[in-house]
Every structure is written in C-alpha cells, then in structure tokens.
Amino acid sequence: MSAPETVDPSTIAEMEETMARISSHKGVEGVMIMDRRGAIIQSTIDEDQTKTHAAVLSDLAGKASYIVGMLNPDDELTFLRIRSKQREIMISPDKEFLLVVLQNPNLSE
C-alpha cells in the first residue's frame with residue numbers, strides 16, 4: 001500500500017469534521033478516508049483493521065466502479081453498500097477519495 005499524496009490542510013480539517021459527525025451516529029464502529037489507491041489518510045479504527053479494510057475495500061470500489069462504467073459508459077458509481085448479519089460497510093467514492101463507514105446494522109436508528 002502506497003502513501004497518500006499530499007492533502008491540503010483545509011481538506012484534512014473538512015475530513016476530520018465529517019468523520020466526527022459520522023462517528024457520532026448510533027451503530028457506527030469506524031470511519032476511514034483513503035485515496036483511490038487505498039492509501040489511508042484518516043481512520044477512527046485501529047491500524048491493523050484499517051490496513052486490512054483499506055486494501056480490500058479500495059480494490060472492491062475500483063472493481064464496482066469499473067463494472068458500472070462497463071454496463072453503461074454514461075454512468076458512474078456513487079455509493080456502495082454491503083450488509084451482512086453483523087456489519088454494514090458503506091463506501092462513498094469521490095474523484096480523489098473513498099469515504100468508508102463501518103457500522104453495526106443491529107444498533108442503527
């Protein structure tokens with residue numbers, strides 16, 4: 001996993017504010033922001049889990065984006081949600097970043 005490109009300090013402040021707001025919701029277990037290559041920029045979960053999730057989720061988001069574009073070249077992936085019995089993973093892709101929210105769906109509002 002490569003290091004993230006330099007991120008503007010005002011962007012970092014905005015990311016931290018967004019992460020704090022999302023983290024305050026009931027059931028949220030963690031929030032991560034990474035670049036499109038999977039390099040971690042900010043995370044509220046421990047380092048090992050962050051590295052594991054970043055590697056696989058950036059790859060998954062890339063593949064999902066590719067599939068959406070392949071099926072319809074005029075379309076693009078705007079949100080990806082995966083739900084299991086114990087966890088829900090939500091990925092919101094941006095041009096430069098991926099916002100990932102991990103939550104326990106059994107505690108959600």
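Our structure's up above, just so we're on the same page.
Just so you know, these numbers come straight off a predicted model, no measurement behind them. Residue indices follow the written sequence of each chain, beginning from 1 at its first position. Per-residue local features are limited, in this predicted model, to residues with pLDDT of at least 70; the limit for side-chain atom pairs, both in listing and counting, is 80 or more; totals at the level of whole chains, interfaces and linings are taken over all residues. Remark: hydrogens and water are excluded; side-chain values derive from all non-hydrogen atoms of the structure.

The first and last C-alpha atoms of helix α2 (residues 47-71) sit 36 Å apart over 25 residues, in line with the 36 Å expected at 1.5 Å per residue. Whether a residue is buried, partly exposed or exposed follows from its accessible area with a 1.4 Å probe, protein chains only, as a fraction of its type maximum: under 20%, in between, or over 50%, in that order. Where helices and strands are cited, they refer to DSSP runs of H or I of at least four residues and of E of at least two residues respectively, numbered from the N terminus. Within α2, burial applies to Thr 50, His 53, Ala 54, Leu 57, Ser 58, Ala 61 and Ala 64. Residue contacts follow a heavy-atom distance rule, with two residues in contact if any of their heavy atoms lie within 4.5 Å. Residues of α2 that are buried make contact with β1 (28-35), β2 (40-43), β3 (80-83), β4 (88-93) and β5 (97-103). Put simply, Asp 46 is the residue that caps the front of α2, since its side-chain oxygen is 3.1 Å from the backbone nitrogen of Asp 48. A helix is expected to reach a length of 1.5 Å times the quantity of its residues less one. As used in this structure description, the phrase polar contact means that two N or O atoms lie within 3.5 Å; if the pair is within protein, one of them must be able to donate a hydrogen and the other to accept it, and residues adjacent in sequence are counted only when both atoms belong to side chains.

We define a salt bridge as a side-chain nitrogen of Lys or Arg found within 4 Å of a carboxyl oxygen belonging to Asp or Glu. One pass over the structure, following the stated rule, counts five salt bridges. In this structure, the salt-bridge partner of Asp 59 is Lys 63, at a minimum N-O distance of 3.4 Å. Note that Asp 59 and Lys 63 are positioned in helix α2 at a spacing of four residues, about one turn of the helix. We classify Lys 63 as partly exposed; its relative accessible area is 48%. With a shortest N-O distance of 2.8 Å, Glu 88 and Arg 81 are connected by a salt bridge. The exposure class of Glu 88 is buried, given its relative accessible area of 3%.

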